[in-house]
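Summary of the model geometry
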Amino acid sequence: MAFNIKDFMNEESKKEIKKSEGSEDVIRISVHKLRPAAGKENFYHMDDREVEETARTIELVGVQQYPVVKPIKGTDEYEIIAGHKRRLAILKLLDEGKTEYEKIPCKVESTEDSIRNRLILIFTNSTQRERTDYEKMQEIKEVRELLTEWQKSKKISGKLQNIIAEILGTNKTKVGTLENIDKNLIEPFKNELSLIHI
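Presented here is a report on the structure given in the accompanying data block. The numbers attached to residues start from 1 for each chain and follow its sequence in the written order. Only residues with pLDDT of at least 70 get local features here, since the model is predicted, and only at 80 or more are side-chain atom pairs given and counted; chain-wide, interface and lining totals rely on the full set of residues. Water and hydrogen atoms play no part in the side-chain values, which are based on all heavy atoms of the structure.

**A word on the side chain of D182**
Stated precisely, the cut-off is as follows: Secondary structure follows DSSP: runs of H or I at least 4 residues long count as helices, runs of E at least 2 residues long count as strands, and numbering of each begins at the N terminus. We call two residues in contact whenever any of their non-hydrogen atoms come within 4.5 Å of each other.
You can see D182 is positioned in helix 7 (residues 172–184). Those residues in contact with D182, other than ones at most four positions away along the chain, are M137, Q138, K141 and K190.

Laid out in C-alpha coordinates, this is it:
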(Lines give C-alpha, C1' and ligand atoms only; values in the text may rest on other atoms or scores of the structure.)
Protein backbone atom coordinates (compact mmCIF):
# COMPACT_ATOMS: atom_id res chain seq x y z
CA MET A 1 0.00 0.00 0.00
CA ALA A 2 1.27 3.46 -0.92
CA PHE A 3 2.22 6.08 1.67
CA ASN A 4 -0.78 8.30 2.33
CA ILE A 5 -0.36 11.57 4.25
CA LYS A 6 -4.02 11.53 5.32
CA ASP A 7 -3.66 8.05 6.83
CA PHE A 8 -0.37 9.11 8.44
CA MET A 9 -2.00 12.23 9.92
CA ASN A 10 -5.07 10.28 11.04
CA GLU A 11 -2.88 7.76 12.86
CA GLU A 12 -0.92 10.59 14.49
CA SER A 13 -4.18 12.35 15.43
CA LYS A 14 -5.43 9.19 17.15
CA LYS A 15 -2.19 9.07 19.16
CA GLU A 16 -2.60 12.75 20.04
CA ILE A 17 -6.18 12.21 21.24
CA LYS A 18 -5.00 9.39 23.52
CA LYS A 19 -2.11 11.50 24.78
CA SER A 20 -4.15 14.63 25.36
CA GLU A 21 -6.79 12.78 27.39
CA GLY A 22 -4.28 12.76 30.25
CA SER A 23 -2.55 15.95 29.06
CA GLU A 24 0.69 14.63 30.53
CA ASP A 25 2.67 15.92 27.57
CA VAL A 26 1.33 19.50 27.85
CA ILE A 27 3.13 21.73 30.35
CA ARG A 28 3.38 25.47 30.91
CA ILE A 29 6.83 26.80 30.01
CA SER A 30 8.29 30.29 30.20
CA VAL A 31 8.67 31.67 26.68
CA HIS A 32 12.21 32.68 27.74
CA LYS A 33 13.10 28.97 27.95
CA LEU A 34 12.00 28.27 24.37
CA ARG A 35 14.79 28.27 21.82
CA PRO A 36 14.29 28.51 18.05
CA ALA A 37 15.38 25.44 16.14
CA ALA A 38 18.88 25.81 14.77
CA GLY A 39 19.83 26.21 11.12
CA LYS A 40 17.67 24.53 8.55
CA GLU A 41 15.09 23.45 11.11
CA ASN A 42 12.98 26.55 10.47
CA PHE A 43 13.37 27.99 7.00
CA TYR A 44 10.00 29.75 6.88
CA HIS A 45 9.95 33.51 6.55
CA MET A 46 8.07 35.47 9.22
CA ASP A 47 7.45 39.15 8.72
CA ASP A 48 6.51 41.70 11.36
CA ARG A 49 2.92 41.84 10.11
CA GLU A 50 2.42 38.08 10.67
CA VAL A 51 3.92 38.27 14.16
CA GLU A 52 1.72 41.29 14.96
CA GLU A 53 -1.43 39.49 13.75
CA THR A 54 -0.54 36.40 15.77
CA ALA A 55 0.06 38.54 18.89
CA ARG A 56 -3.35 40.20 18.52
CA THR A 57 -5.04 36.82 18.01
CA ILE A 58 -3.36 35.41 21.13
CA GLU A 59 -4.44 38.52 23.03
CA LEU A 60 -8.06 37.97 21.95
CA VAL A 61 -8.45 34.19 22.29
CA GLY A 62 -5.25 32.90 23.90
CA VAL A 63 -2.90 30.29 22.47
CA GLN A 64 -5.23 27.97 20.58
CA GLN A 65 -2.54 25.75 19.11
CA TYR A 66 0.18 24.86 21.57
CA PRO A 67 3.79 25.14 20.43
CA VAL A 68 5.44 21.74 20.06
CA VAL A 69 8.83 21.54 21.77
CA LYS A 70 11.47 19.00 22.73
CA PRO A 71 13.82 19.12 25.73
CA ILE A 72 17.37 20.34 25.14
CA LYS A 73 19.69 17.85 26.82
CA GLY A 74 21.46 19.05 29.94
CA THR A 75 19.32 22.19 30.33
CA ASP A 76 15.89 23.24 31.51
CA GLU A 77 15.21 24.72 28.06
CA TYR A 78 13.28 23.47 25.06
CA GLU A 79 13.80 23.61 21.31
CA ILE A 80 10.80 24.61 19.24
CA ILE A 81 9.62 22.07 16.69
CA ALA A 82 6.49 24.01 15.72
CA GLY A 83 5.49 27.43 17.03
CA HIS A 84 8.28 29.84 16.12
CA LYS A 85 5.82 32.58 15.15
CA ARG A 86 3.78 32.06 18.34
CA ARG A 87 6.99 32.45 20.38
CA LEU A 88 7.78 35.76 18.67
CA ALA A 89 4.19 36.93 19.17
CA ILE A 90 4.35 36.12 22.90
CA LEU A 91 7.69 37.96 23.19
CA LYS A 92 6.02 40.96 21.51
CA LEU A 93 3.20 40.86 24.08
CA LEU A 94 5.76 40.70 26.90
CA ASP A 95 7.57 43.72 25.42
CA GLU A 96 4.22 45.54 25.65
CA GLY A 97 4.10 44.75 29.38
CA LYS A 98 1.55 41.92 29.16
CA THR A 99 3.36 39.58 31.54
CA GLU A 100 0.41 37.18 31.90
CA TYR A 101 1.53 35.55 28.64
CA GLU A 102 5.03 34.60 29.83
CA LYS A 103 4.18 30.97 30.62
CA ILE A 104 2.44 29.20 27.79
CA PRO A 105 1.16 25.65 27.41
CA CYS A 106 3.51 23.61 25.22
CA LYS A 107 3.27 20.09 23.93
CA VAL A 108 6.50 18.28 24.80
CA GLU A 109 7.72 15.64 22.35
CA SER A 110 10.46 13.11 22.85
CA THR A 111 13.58 13.37 20.71
CA GLU A 112 12.83 9.95 19.15
CA ASP A 113 9.85 11.45 17.31
CA SER A 114 11.96 13.92 15.31
CA ILE A 115 11.27 12.55 11.79
CA ARG A 116 7.54 12.35 12.46
CA ASN A 117 7.57 15.81 14.02
CA ARG A 118 9.37 17.38 11.06
CA LEU A 119 6.98 15.76 8.56
CA ILE A 120 3.99 17.00 10.56
CA LEU A 121 5.48 20.50 10.85
CA ILE A 122 6.12 20.74 7.12
CA PHE A 123 2.68 19.32 6.27
CA THR A 124 1.02 21.80 8.66
CA ASN A 125 2.95 24.78 7.28
CA SER A 126 2.25 23.73 3.71
CA THR A 127 -1.49 23.80 4.39
CA GLN A 128 -1.71 26.86 6.65
CA ARG A 129 0.53 29.52 5.13
CA GLU A 130 1.61 31.13 1.90
CA ARG A 131 5.13 30.01 1.03
CA THR A 132 7.70 31.35 -1.37
CA ASP A 133 9.24 29.13 -4.04
CA TYR A 134 12.44 29.13 -1.99
CA GLU A 135 10.56 27.83 1.06
CA LYS A 136 8.87 25.19 -1.11
CA MET A 137 12.30 24.12 -2.41
CA GLN A 138 13.53 23.77 1.17
CA GLU A 139 10.39 21.79 2.10
CA ILE A 140 10.91 19.40 -0.81
CA LYS A 141 14.58 18.87 0.04
CA GLU A 142 13.83 18.23 3.70
CA VAL A 143 10.82 15.97 3.08
CA ARG A 144 12.95 13.88 0.69
CA GLU A 145 15.69 13.58 3.36
CA LEU A 146 13.16 12.71 6.07
CA LEU A 147 11.38 10.09 3.96
CA THR A 148 14.72 8.54 2.97
CA GLU A 149 15.58 8.29 6.68
CA TRP A 150 12.06 7.02 7.50
CA GLN A 151 12.46 4.22 4.90
CA LYS A 152 15.29 2.73 6.94
CA SER A 153 12.81 1.55 9.57
CA LYS A 154 9.38 1.75 7.88
CA LYS A 155 8.16 0.47 4.52
CA ILE A 156 7.10 3.22 2.13
CA SER A 157 5.70 2.16 -1.20
CA GLY A 158 5.32 4.52 -4.11
CA LYS A 159 7.58 7.03 -5.80
CA LEU A 160 9.11 9.56 -3.42
CA GLN A 161 8.29 12.42 -5.79
CA ASN A 162 4.57 11.52 -5.64
CA ILE A 163 4.66 11.17 -1.85
CA ILE A 164 6.43 14.53 -1.48
CA ALA A 165 3.82 16.14 -3.73
CA GLU A 166 1.02 14.68 -1.59
CA ILE A 167 2.59 15.84 1.67
CA LEU A 168 3.06 19.37 0.30
CA GLY A 169 -0.33 19.56 -1.40
CA THR A 170 1.10 20.09 -4.88
CA ASN A 171 1.79 17.99 -7.97
CA LYS A 172 4.83 15.95 -8.95
CA THR A 173 5.63 18.31 -11.85
CA LYS A 174 6.02 21.26 -9.44
CA VAL A 175 8.16 19.10 -7.14
CA GLY A 176 10.38 18.11 -10.09
CA THR A 177 10.67 21.70 -11.30
CA LEU A 178 11.66 23.06 -7.89
CA GLU A 179 14.12 20.21 -7.26
CA ASN A 180 15.70 20.94 -10.64
CA ILE A 181 15.99 24.65 -9.82
CA ASP A 182 17.49 23.84 -6.42
CA LYS A 183 20.00 21.46 -7.98
CA ASN A 184 21.10 23.78 -10.80
CA LEU A 185 20.75 27.32 -9.45
CA ILE A 186 24.07 28.81 -8.33
CA GLU A 187 24.40 29.89 -4.69
CA PRO A 188 24.30 33.68 -5.21
CA PHE A 189 20.96 33.34 -7.04
CA LYS A 190 19.65 30.95 -4.37
CA ASN A 191 20.50 33.59 -1.78
CA GLU A 192 18.60 36.20 -3.81
CA LEU A 193 15.66 33.82 -4.15
CA SER A 194 15.58 33.31 -0.38
CA LEU A 195 15.12 37.07 0.10
CA ILE A 196 11.98 37.26 -2.05
CA HIS A 197 8.88 37.25 0.15
CA ILE A 198 5.24 36.94 -0.78
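**Topic: the nonpolar core**
Basically, it comes down to this: Within this scheme, the nonpolar core is defined by two criteria: the residues are buried Ala, Val, Leu, Ile, Met, Phe, Trp, Tyr or Cys, and they are joined through side-chain atoms within 4.5 Å. Exposure classes here rest on a 1.4 Å probe applied to the protein chains alone. A residue is buried below 20% of its type maximum, exposed above 50%, and partly exposed in between.
Judged by nonpolar contacts, the single largest core of 18 residues is most densely connected at L119, V143, L147, I164, I167 and L168. In contact with V143, not counting residues within four places along its chain, are L119, I122, I164, I167 and L168. Grouped together as the second largest cluster of nonpolar side chains are 17 residues, L34, A55, I58 and V63 included.

**Notes on the pattern of salt bridges**
How we decide: A carboxyl oxygen of Asp or Glu within 4 Å of a side-chain nitrogen of Lys or Arg is what we treat as a salt bridge.
Applying the stated criterion across every chain, the model contains 18 salt bridges. D76 serves as the salt-bridge partner of K33, at 2.3 Å between the closest nitrogen and oxygen. Residue K33 is located in the loop between strand 1 (26–30) and strand 2 (34–35), and its partner D76 is located in the loop between strand 3 (68–71) and strand 4 (78–82); the two are separated by 43 residues in the primary sequence. A salt bridge links E187 to K190; the nearest nitrogen and oxygen atoms lie 3.8 Å apart. In this pair, E187 and K190 both sit in helix 8 (residues 187–194), three residues apart, roughly one turn of the helix. Members of the salt-bridge network, linked through shared partners, are E52, R56, E59, K92, E96 and K98.

**A short note on the pairing of strand 5 (residues 103–108)**
Defined as follows: Strands are labelled as partners when DSSP assigns at least two bridges between them.
Pairing geometry for strand 1 and strand 5, over five bridges, is antiparallel. Bridge pairing in strand 5 links V26 to K107. Bridge analysis of strand 3 against strand 5 gives two bridges, and the strand direction is parallel. When the bridges of strand 5 are listed, V68 appears paired with K107.

**Remarks on the packing of helix 5 (residues 133–150) against helix 7**
Quick note on the threshold: All axes are obtained by fitting lines to C-alpha atoms, using only the stretch in contact for helices, and the reported angles, taken between N-to-C directions, cover 0 to 180 degrees. Orientation is classified from the angle alone, with under 35 degrees giving roughly parallel, over 145 giving roughly antiparallel, 65 to 115 giving roughly perpendicular, and any other angle giving oblique.
Relative orientation of the contacting elements helix 5 and helix 7 amounts to 95°, with a least axis distance of 9 Å. Relative to helix 7, helix 5 is oriented roughly perpendicular. Of the residues in helix 7, those in contact with D133, K136, M137, Q138, I140, K141 and R144 of helix 5 are K174, V175, L178, E179, I181 and D182.

**Quick word on the pairing of strand 4**
Counting buried residues along strand 4, five of its five residues qualify, which places the element largely inside the surrounding structure. As paired strands, strand 2 and strand 4 are joined by two bridges and run parallel to one another. Note on strand 4: the bridge partner recorded for R35 is E79. By the bridge criterion, four bridges tie strand 3 to strand 4 in an arrangement that is antiparallel. Among the inter-strand pairings, V68 is bridged to a residue of strand 4, identified as A82. Where strand 3 folds back on strand 4, the antiparallel hairpin that results is connected by six residues, among which G74 adopts a positive phi of roughly 75°.

**With respect to the packing of helix 5 against helix 6 (residues 160–168)**
Operational definition: Crossing handedness is defined as follows: a turn of the near helix away from the far one that is anticlockwise and smaller than a right angle gives a left-handed crossing, while the clockwise case is right-handed.
Helix 6 packs onto helix 5 with a crossing angle of 120° between their chain directions and a minimal axis gap of 10 Å. In terms of orientation, helix 5 and helix 6 fall into the oblique class. As for the relative orientation of helix 5 and helix 6, their crossing is right-handed in sense. In this structure, helix 5 contributes E139, I140, V143, R144, L147 and T148 to the contact, and helix 6 contributes L160, Q161, I163, I164, I167 and L168.

**Observations regarding helix 2 (residues 48–61)**
Put simply, the rule reads: Multiplying 1.5 Å by the helix residue count minus one yields the expected span of that helix.
Compared with an ideal rise of 1.5 Å per residue, which puts 14 residues at 20 Å, helix 2 spans 20 Å between its outermost C-alpha atoms and is within 8% of the ideal. Buried positions along helix 2 lie against helix 3 (84–95). Taken from the residues just after helix 2, G62 is the one with a positive phi, measuring 80°.

**Concerning the sheet that holds strand 5**
Read across the sheet, five strands follow the order 1-5-3-4-2 without closing on themselves; strand pairing throughout is mixed. Each edge of the open sheet is held by one strand with a lone partner, namely strand 1 and strand 2. Helix 3 contacts strand 2, strand 4 and strand 5 of the sheet and is inclined by roughly 120° relative to strand 4.

All we've got here are geometric facts, nothing functional implied.
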